[in-house]
Amino acid sequence: MRIWAPDGIDEITSGADLSALIGDALAAGDGGVLDGDIVVVTSKIMSKAEGRILHADDREDAITRETVRLVASRTNAATGRTTRIVENRLGIVSAAAGVDASNTPEGTVLLLPEDPDASARRLAGDLRARFGVDVGVLVSDTLGRAWRDGQVDQAIGAAGVHVFEDLRGSIDSAGRELSVTLPCVADELCSAAELVKGKATGRPVAVVRGRGDLVGALDLPGARTIPRTGPTDMFRKGYDEAFADGYDAGRSAR
């Protein structure tokens, strides 16, 4: 498997033709575009092209607007800064609802794409039409993980890519049947792509070659199927929040 990040994509502004810009960069790169390639696009440039820049002096107000459910909130006693872990309108649980204040003009914040799966489908369709090959598209964003420090890139949008590799029912090396093994290959590919894109290199797009087995029709289920929400979410609240709710319930029952 080979992964590389093409040059030639400058600062993106609202209304930019992202399909043309990415297509030109891919065409000019030494790897070209082949059937089965997967193009991984940083969500930030997609948000900029779609005009998802919000004039907001208070980033917290923007986070509130994007939040559908608070999971946990903690205030640093030394700095007075509050961190909110929330579920946003895309079903993603993360810090700050995906609202980004980095690499944006002063007094503005950047929101996630309105519908990353739909954006990925448009881009994948345009690239397939231009190059005459079947390529997949993943939209990546940097997210933290429960119980582990640090962040990794994960898929928030997908088109023409199987986001899961279903190994359930197959047999392991010891001859036992796998019953729950369902790797989220979309997340794995986004994390791998970040290793070549970087955060400050001006290369917001990467190409993954060698996993053409994951590329399929544009109507495959998108990344919206990845987050666990509702009844399948076993960790809907932080410890302090769950304790407080239980305490209040106990007092009310007295």
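The rules we used
Residues numbered from 1 in each chain as written. Predicted model: local features only at pLDDT ≥ 70, side-chain atom pairs only at ≥ 80, totals over all residues. Heavy atoms only, no water. Helix = DSSP H or I, 4+ residues; strand = E, 2+ residues; numbered from the N terminus. Buried < 20%, exposed > 50% of the residue type's maximum accessible area, 1.4 Å probe, protein only. Contact = heavy atoms within 4.5 Å. Pairing = 2+ DSSP bridges. Axes fitted to C-alpha atoms, helices over the stretch in contact; angles between N-to-C directions. Phe/Tyr/Trp six-rings, centres within 6.5 Å; stacked < 30°, edge-to-face > 60°.

A. Structural view of the environment of Leu54. As for its placement among the helices and strands, Leu54 is situated in strand E3 (residues 53-55). Since its relative accessible area comes to 18%, Leu54 is described here as buried. Discounting chain neighbours no more than four positions away, the residues touching Leu54 are Ala62, Arg65, Gly107, Thr108, Val109 and Leu111.

B. Spotlight on the sheet that holds strand E4 (residues 67-75). Taken together, three strands build an open sheet; the order of strands is E4-E5-E6 and the sheet is antiparallel. At either end of the open sheet lies a strand with only one pairing partner, and these are E4 and strand E6 (93-95). Averaged over neighbouring strand pairs, the angle between their axes works out to 25 degrees when direction is ignored. Across seven bridges, E4 lies against strand E5 (residues 82-88) in antiparallel orientation. Counterpart to Ser73 in the pairing with E5 is Arg84.

C. Spatial organisation of the packing of aromatic side chains. Across all of its chains, the model carries three aromatic pairs by this definition. On the numbers, 5.0 Å between centres and 80 degrees between planes, the contact of Trp147 with Phe235 is edge-to-face. Of the two residues, Trp147 sits in the loop between strand E8 (136-145) and strand E9 (148-159) while Phe235 sits in the loop between strand E10 (205-209) and helix H6 (239-253), which places them 88 residues apart along the sequence. An identical accessibility class is assigned to Trp147 and Phe235; each is exposed.

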